[in-house]
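Here is how the chains run, residue by residue.
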Amino acid sequence: MTDFAERGSRNAGDLGRTTIADGVVAKIAYLAAGDVAGVHALGSGLARSVGALRKRVPGGGTTTTHGVKVEVGEKQAAVDLDIIVEYGEVIPQVGKAVRENVISAVERMTGLEVVEVNIAVSDVRLPEEEEAETERVV
């Protein structure tokens, strides 16, 4: 084989590294979990309040991933989620759907193997709570 042919057959993966920040995986997991039917919100009430406050402060950031913690290694990731479920939903089924959606999204978008997705259900959203919030806003 000529020198040119050997150079042309190099594997592009050998030419450098791609690293993925924890924040990237956290955003993917946050959006994937929030897309599941039955999930009202992510994070505890306090975490959501702090996140809303941070959005209002100049330089405080525009995107928050409250309720999501990740550990990212070179080839694997682990995700911890704190969710609030809508009243009437079957919590184990919502948890399973969240886990499957997060694993699928993170693995598809990053190529990392998701080794675990731990879910803590911190609250249940009652229908009366929505009515009370609507009345306060008006």
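In this report, the structure presented in the accompanying data block is examined. In this text the structure is predicted, and so the values were computed from the model without any measurement. (Residues numbered from 1 in each chain as written. Predicted model: local features only at pLDDT ≥ 70, side-chain atom pairs only at ≥ 80, totals over all residues. Heavy atoms only, no water.)

**Here we look at the environment of Lys 69**
Part 1: Residue position: Lys 69 is located in strand 2 (residues 68–72).
Part 2: By relative accessible area, Lys 69 is classed as exposed at 62%.
Part 3: The sequence separation of Lys 69 and Val 25 amounts to 44 residues, and the corresponding C-alpha distance is 9.3 Å. (Helix = DSSP H or I, 4+ residues; strand = E, 2+ residues; numbered from the N terminus. Buried < 20%, exposed > 50% of the residue type's maximum accessible area, 1.4 Å probe, protein only.)

**Considerations on the nonpolar core**
Part 1: Residues Val 68, Val 79, Leu 81, Val 98 and Val 102 are the most contacted members of the largest nonpolar core, which totals 24 residues.
Part 2: When contributions to this core are tallied by element, the ones reaching two or more residues are helix 2 (22–34), strand 1 (39–42), strand 2, strand 3 (76–86), helix 4 (91–110) and strand 4 (113–125).
Part 3: When residues in this core are grouped by element, the largest group, six residues, is from helix 2.
Part 4: When sequence neighbours within four positions are dropped, the list of residues in contact with Val 102 reads Ala 29, Ala 32, Ala 33, Val 79, Leu 81 and Val 117. (Core = buried A, V, L, I, M, F, W, Y, C linked by side-chain atoms within 4.5 Å. Contact = heavy atoms within 4.5 Å.)

**Some details on the pattern of salt bridges**
Two side chains that carry opposite charge are able to pair once their charged atoms sit near each other.
Part 1: The full count for this structure, using the stated rule, is one salt bridge.
Part 2: Where Lys 96 meets Glu 100, a salt bridge forms, and the shortest distance between an N and an O atom there is 3.7 Å. Taken together, the residues Lys 96 and Glu 100, both in helix 4 and four residues apart, mark about one turn of the helix. (Salt bridge = Lys/Arg side-chain N within 4 Å of Asp/Glu carboxyl O.)

**Observations regarding the environment of Ile 28**
Part 1: Along the chain, Ile 28 turns up in helix 2.
Part 2: Measuring from C-alpha to C-alpha, the distance between Ile 28 and Ile 103 comes to 9.8 Å, with 75 residues separating the pair along the chain.
Part 3: Dropping the residues within four chain positions of it, Ile 28 is found in contact with Ala 105, Val 106, Met 109 and Thr 110.

**Concerning the pairing of strand 3**
Part 1: Bridge count for strand 1 against strand 3 is three bridges, and the pairing is antiparallel. Counted as the bridge partner of Ala 41 is Ile 84 from strand 3.
Part 2: Here strand 2 folds back onto strand 3, and the loop between the two strands holds three residues.
Part 3: Bridge analysis of strand 3 against strand 4 gives 11 bridges, and the strand direction is parallel. If you follow Val 79 over to strand 4, its bridge partner there is Val 117.
Part 4: Crossover connection from strand 3 via helix 4 to parallel strand 4: handedness right-handed. (Pairing = 2+ DSSP bridges. Right-handed = clockwise from strand over helix to strand, strands pointing away.)

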